[in-house]
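Examination of the molecular architecture
The chain contents come next:
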Amino acid sequence: MEKYISNDTIAAVATAPGTGGIGIVRISGPEAERVLSRVFRARGNGPDVFESHRLYYGKALEGEETLDECMAVLMRAPKSYTREDVAEIHAHGGQLTVGKILGRCLAEGARLAEPGEFTRRAFLNGRIDLSQAEAVMELISARGEQERKPAVRQLAEYRRGFSY
């Protein structure tokens, strides 16, 4: 399958709405690292360049104002869920804080992802096939073991042949 190349960078809250211990904002696309570097500052001002797949402790910022004390990770293409550059900010849960961080990502040039768009990009980039994309959606919406187990089995099919 030919690689799908997106020209835009998307962002969305990747955790369920409501109050929780952790809220994750995910960013995917060619400007993911730039957006992350504008929104997040690693402790001690952090590295100028993020090391891929390394978790950093620091702050989400709006100008000089701290929005939250949080963690962030950059996963460079093709070793990510979408096979694009992907960044995540792991903040304290709660709609207000996570919403502010998402708003900062959007202000820095990302656009709001459509529902299922991260998985659609994973499919278009050959990371998962159509049945596995459907399994992701089935797993997310599962309400019981009879729905969860087949979705996990279908995802295991993709993991068996998994490679970056």
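Reading the values: rules and limits
- Residues numbered from 1 in each chain as written.
- Predicted model: local features only at pLDDT ≥ 70, side-chain atom pairs only at ≥ 80, totals over all residues.
- Heavy atoms only, no water.
- Helix = DSSP H or I, 4+ residues; strand = E, 2+ residues; numbered from the N terminus.
- Contact = heavy atoms within 4.5 Å.
- Expected span 1.5 Å × (residues − 1).
- Buried < 20%, exposed > 50% of the residue type's maximum accessible area, 1.4 Å probe, protein only.
- Arc of directions from axis to C-beta.
- Pairing = 2+ DSSP bridges.
- Disulfide = S-S within 2.5 Å.
- Phe/Tyr/Trp six-rings, centres within 6.5 Å; stacked < 30°, edge-to-face > 60°.

1. A word on the overall build of the protein
When its secondary structure is counted, the protein shows five helices and seven strands. Along the protein, helices and strands appear, N-terminal first, in the series β-β-α-β-β-β-β-α-β-α-α-α. Dimensions of the protein, computed from C-alpha atoms along their principal axes, come out at roughly 45 × 35 × 25 Å. Within the protein, contacts between residues separated by at least 24 positions form 53% of all contacts whose residues are at least 6 apart in sequence.

2. Considering helix H2 (residues 95–107)
End to end, H2 covers 18 Å across 13 residues, agreeing with the expected 18 Å (1.5 Å per residue, within 8%). Every buried residue of H2 is accounted for by Val98, Ile101, Leu102, Arg104 and Cys105. In an axial view of H2, the angular spread of the buried residues amounts to 155°, which keeps them on one side of the axis. Pointing more than 90 degrees away from the buried face of H2 are the exposed residues Gln95, Leu96 and Ala107. Directly beyond the C-terminal end of H2, a positive phi value near 115° is found at Gly109.

3. A few points about the environment of Gly144
Within the secondary structure, Gly144 is located in the loop between helix H4 (130–141) and helix H5 (145–160). On a C-alpha basis, the gap between Gly144 and Ala156 in space is 18 Å, while along the polypeptide they are twelve residues apart.

4. Examining the sheet that holds strand E3 (residues 40–42)
Read from one edge to the other, the open sheet built from seven strands follows the order E3-E4-E5-E6-E2-E1-E7, with strand pairing classed as mixed. A single partner strand is all that each edge strand has here, and the edge strands are E3 and strand E7 (111–112).

5. Brief notes about the environment of Lys59
Residue placement: Lys59 occurs in strand E4 (residues 55–62). Setting aside residues no more than four positions away along its own chain, Lys59 makes contact with Val39, Phe40, Arg41, Thr66, Asp68 and Cys70.

6. Side note on the state of the cysteines
A covalent bond between the sulfur atoms of two cysteines is referred to as a disulfide. For the structure on display, the rule yields zero disulfides. For the unlinked cysteine Cys70, the closest cysteine sulfur is that of Cys105, found at 10 Å. The exposure class assigned to Cys70 is buried, which follows from its relative accessible area of 3%.

7. Thoughts on helix H3 (residues 117–124)
Those residues of H3 not exposed but buried are Glu117, Phe118, Thr119, Arg121 and Ala122. Tucked into the core, H3 has its buried residues touching strand E1 (10–13), strand E2 (22–28), E7 and H4. Just beyond H3, the residue with positive phi is Gly126, at close to 75°.

8. Notes on the packing of aromatic side chains
Scanning the entire structure with this criterion turns up two aromatic pairs. An angle of 40° between the planes, with centres 6.4 Å apart, marks the rings of Phe40 and Phe50 as tilted. One end of the pair, Phe40, is in strand E3; the other, Phe50, is in the loop between E3 and E4, and ten residues separate them in sequence. Accessibility classification places Phe40 together with Phe50 in one group, the buried group. When the centroid spacing of 5.3 Å and the interplanar angle of 85° are considered together, the rings of Phe50 and Tyr56 count as edge-to-face. The two residues Phe50 and Tyr56 agree in class, both being buried.

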